Amino acid sequence: MTDTAAPLRIAIAGLGTVGAGVIRLLDTNAALVAARAGRPIEVVAVSARDRGKDRGVDIARFAWEDDMTALARRGDVDVVVELVGGSDGPALALSRAALSGGKGLVTANKAMIATHGLALAEIAEDHNAPLKFEAAVAGGIPVIKGLREGTSANALTRVYGILNGTCNYILSTMERTGADFADVLADAQARGFAEADPAFDIEGVDAGQKLAILAAIGFGTRIDFAGVRVSGITQVRAADIAQADALGYVIRLIGEADVEDTPEGPRLLQRVRPCLVARGHPLSAVEGPTNAVVAEGNFSGRLLFQGAGAGDGPTASAVAADLIDIARDEVGAPFSIPVAHLAALPPAEPGHRTERTYLRFMVKDRPGVLAEITAAMRDGDVSIESLIQRGRAEGGGEVMVAMVTHEGPEQCVAKALELLEGSDSLTSAPLVLPILPL
Ligand SMILES: NC(=O)c1ccc[n+]([C@@H]2O[C@H](COP(=O)([O-])OP(=O)(O)OC[C@H]3O[C@@H](n4cnc5c(N)ncnc54)[C@H](OP(=O)(O)O)[C@@H]3O)[C@@H](O)[C@H]2O)c1
């Protein structure tokens, strides 16, 4: 770096957890960032809602814009960093304005990229403007870089992992303490590991957004967030975790994607669902709010990326790495392949795929119920490997029946459950957890 190297001038919209983290990182690591970027990275202007709020970092030295889209119009800004959030609204307006004005855009916004990523990438390509979003998936883990660059010479067979730290914190805490879902969620909220409105996390939507982004980059396909089949963790009870433990498994919320060759052409399977993970599998050891992604390449073999999926420091680290890439002029197509060349794959129908499954029923404590369930399994052509009936719950009235199936087509389990639909022996909907293959 020479002393005269022109700085990369950035504007930051959003000064919350991540925005303040980025300012802190650029202050703390200014010299090494400049050395690695080949020039200083200099914050010029910022915007948020409340100018007077104490953010733990000094923002008085930067220009302030009340209207954050004004950041995109400033002549003294090369790159806009969008750290506001929300799939639409002001974040999207700012992002469009920045890219169509030829400025770079760095964002941590998974909701916006999962929904509008292709449209933004088209604007970026048309205006030769860099668009980067490492922090949008798995916080501090360089998994976008890993897939875009590290495995770029591979055909990936499968990408899967633990993509939501809140769910992983809840499930691994339930496992450690034996507490039930609602209590652990309340504790997670009190400790700041879960949002006041946790629906996006616990219902699997957040993991689905990240999975859609990973699948697009990993398989060279157009982002299809609407095509992600999502189920969350709200139905998992402490008794399921204990039962899984007795069988040698933990329960984790897993996002998985692959491309299936069918006679009609390739199909994209993307789904997020709680799974039983055998204790020998690397994902079983991922605890607390950690994220982990496994990518299987045809030459690289299995790669595991693991680390903090959120938090100011890790997320700021990913944002700053994107800025360093832009400062170095190491950019390329946002999704690795120009948007026009991304494949538009229809969603796969996984009914014929085989897996082993854990099934749990809460049933009335009366004779004949077990026979009714096993008859439905027989009629659905589901082969039972082991069956466990738990003793009476305190207070009586309801007992738990759990089973593990032999490997068989998913549609057989679906058929058996259909046969039980409406049965007055069941006190709640059955829980179906696939067993993740090793
Ligand atoms: N937190 C994480 O660990 C994490 C990890 C990965 C990705 N992300 C993503 O990073 C982004 C930011 O997350 P965060 O946790 O930093 O959020 P946050 O703490 O809620 O901060 C959001 C910031 O945006 C500002 N803002 C909101 N609406 C605005 C508006 N209409 N106009 C101007 N400013 C507005 C807020 O201003 P005020 O402060 O003045 O209210 C605040 O500074 C989101 O896309 C999120 O998904 C976060």
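Procedures and definitions
Residues numbered from 1 in each chain as written. Predicted model: local features only at pLDDT ≥ 70, side-chain atom pairs only at ≥ 80, totals over all residues. Heavy atoms only, no water. 1 Å grid on protein atoms, 1.4 Å probe; cavity = no way out; pocket = protein on both sides within 12 Å on 5 of 7 lines; lining within 4 Å. Points joined across faces, edges and corners; volume = space filled by probe spheres on them. Helix = DSSP H or I, 4+ residues; strand = E, 2+ residues; numbered from the N terminus. Nonpolar A, V, L, I, M, F, W, Y, C, P; charged D, E, K, R; others polar. Domains from an automatic or database assignment. Phe/Tyr/Trp six-rings, centres within 6.5 Å; stacked < 30°, edge-to-face > 60°. Buried < 20%, exposed > 50% of the residue type's maximum accessible area, 1.4 Å probe, protein only. Contact = heavy atoms within 4.5 Å. Buried area = accessible area lost by both parts, 1.4 Å probe. Salt bridge = Lys/Arg side-chain N within 4 Å of Asp/Glu carboxyl O. Polar contact = N/O pair within 3.5 Å; in protein donor to acceptor, adjacent residues only side chain to side chain. Near = heavy atom within 4 Å. Areas by Shrake-Rupley, 256 points an atom, 1.4 Å probe, with all protein chains shown as cover. Sits in = over half its atoms within 2 Å of the grid points. Core = buried A, V, L, I, M, F, W, Y, C linked by side-chain atoms within 4.5 Å. Pairing = 2+ DSSP bridges. Axes fitted to C-alpha atoms, helices over the stretch in contact; angles between N-to-C directions.

A.B. asks: I tried to follow the layout of surface pockets on my own but got confused; where do I start?
C.D. replies: Think of a ball as big as a water molecule: rolled over the atoms, this probe shows where empty space is left. Taken as a whole, the largest pocket holds about 1,500 Å³ of empty space. Taken together, 50 residues line the largest pocket, and the ones lying closest to its centre are T17, V18, V84, K110 and E195. Elements that contribute at least two residues to the lining of the largest pocket include exactly α1 (17-28), α4 (110-126), α6 (165-177), α8 (199-202) and α9 (205-219). The residue makeup of the lining of the largest pocket, split by class, is 20 nonpolar, 18 polar and twelve charged. Both domain 1 (8-136) and domain 2 (143-308) contribute no fewer than three residues apiece to the lining of the largest pocket. Within this model, the second largest pocket holds a volume of roughly 600 Å³. Lining the second largest pocket are 27 residues, and of these S231, R273, V432, L433 and P434 lie nearest its centre. Of all the elements in the fold, those that place two or more residues in the lining of the second largest pocket are β8 (229-230), β10 (265-278), α13 (410-420) and β18 (431-434). Broken down by element, the lining of the second largest pocket gets its largest block of residues, five residues, from α13.

A.B. asks: Help me out: how do you make sense of empty space enclosed by the protein in this one?
C.D. replies: With the rule as written, the count across this model stands at one cavity of 30 Å³ or more. Elements with a contribution of two residues or more to the lining of the largest cavity: β6 (131-132), α5 (143-150) and α11 (312-327). A total of four residues in the lining of the largest cavity trace back to one element, the largest contributor, which is α5. Of the residues assigned to the lining of the largest cavity, the class counts are five nonpolar, one polar and seven charged. Two domains each put at least three residues into the lining of the largest cavity: domain 1 (8-136) and domain 2 (143-308).

A.B. asks: Mind showing me how you'd approach the packing of aromatic side chains here?
C.D. replies: The way to describe two aromatic rings as a pair is by their centre distance and the angle between their planes. Tallying each qualifying case throughout the model produces two aromatic pairs. Ring geometry for F133 against F335: centres 5.1 Å apart, planes inclined by 40°, an arrangement best described as tilted. One end of the pair, F133, is in the loop between β6 and α5; the other, F335, is in the loop between α11 and β13 (354-355), with 202 residues separating them in the sequence. Overall, the relative accessible area of 3% leaves F133 in the buried class. Taking the centre distance of 4.5 Å and the plane angle of 35° together, the rings of Y169 and F193 count as tilted. A residue pair is termed long-range when its members are at least 10 positions apart, and Y169 in helix α6 and F193 in the loop between α7 (181-190) and α8 qualify at 24 residues. Given a relative accessible area of 7%, Y169 falls into the buried group. Overall, F193 belongs to the partly exposed group, its relative accessible area being 34%.

A.B. asks: How should the domain arrangement of the protein be read in this particular structure?
C.D. replies: Here the protein is partitioned into domain 1 (8-136), domain 2 (143-308) and domain 3 (352-434). Computed from C-alpha atoms alone, the centre-to-centre distance between domain 2 and domain 3 is 25 Å. Taken together, the contact between domain 2 and domain 3 spans 18 residues of the former and 19 residues of the latter. Across the domain 2 to domain 3 interface the summed buried area is about 1,500 Å²; carbon plus sulfur atoms make up 47%. Here domain 2 is connected to domain 3 by five salt bridges. Across the pair R360 and D240 runs a salt bridge, and its minimum N-O distance is 2.7 Å. In this assembly, domain 2 and domain 3 are joined by ten residue pairs in polar contact (both at pLDDT 80 or more).

A.B. asks: How should the site of the ligand be read in this particular structure?
C.D. replies: As a matter of local geometry, the ligand sits amid 22 residues, with L15, V18, D50, R55 and G311 nearest to it. Measuring from an oxygen atom of the ligand, one finds a backbone N or O atom of D50 at 2.8 Å. Measuring from an oxygen atom of the ligand, one finds a backbone N or O atom of G311 at 2.7 Å. Contact with the protein chains removes 77% of the 900 Å² of surface that the ligand exposes when unbound. A majority-of-atoms criterion places the ligand in the largest pocket.

A.B. asks: Where do I start with the nonpolar core in this structure?
C.D. replies: Within soluble globular proteins, side chains that are nonpolar tend to cluster in buried spots. Counting 85 residues, the largest nonpolar core has F133, V143, I170, I213, I233 and F335 as the members making the most contacts within it. When residues of this core are assigned to their parent elements, the largest contribution, nine residues, is made by α9. Sequence-distant contacts of V143, defined by excluding residues within four places in its chain, comprise E134, V137, A138, L214, V293 and F305. I10, L15, L25 and V81 belong to the second largest nonpolar core, which has 34 residues in total.

A.B. asks: I'm lost on the side chain of R148 in this one. Help?
C.D. replies: Mapped onto the elements, R148 comes out in helix α5. Judged by relative accessible area, R148 falls into the buried class, the value being 13%. Among the polar contacts listed, one links the side chain of R148 to the backbone oxygen of P334, at a separation of 3.4 Å. In this structure, R148 is in contact with K132, I217, V331, G332, A333, P334 and S336, ignoring residues within four places of it in sequence.

A.B. asks: Explain the pairing of strand β9 (residues 249-262) here, please?
C.D. replies: Each regular strand carries side chains that alternate between the two faces of the sheet. In terms of residue burial, β9 counts as a mostly covered element, since twelve of its 14 residues are buried. Across three bridges, strand β7 (residues 156-162) lies against β9 in antiparallel orientation. Bridge pairing in β9 links V159 to A257. Taken together, β9 and the strand that follows it, β10, pair antiparallel across an intervening segment of two residues.

A.B. asks: Could you clarify how one ought to interpret the sheet that holds β18 in this entry?
C.D. replies: Strand pairing in a sheet relies on backbone hydrogen bonds. The paired strands run either parallel or antiparallel. Across the sheet, four strands lie side by side as β15-β16-β14-β18; this open sheet has antiparallel pairing. Since the sheet does not close on itself, it has two edges, and those belong to β15 (384-389) and β18, each with one partner. Here the average twist between neighbouring strands, direction ignored, is 15°. Taken together, the four bridges between strand β14 (residues 357-364) and β18 define a ladder with antiparallel strand orientation. From the neighbouring strand, T357 faces β18, where its bridge partner is P434. On top of the sheet, helix α12 (residues 369-379) reaches β14, β15 and β16 (398-405); it is set at about 145° to β14, its chief contact.

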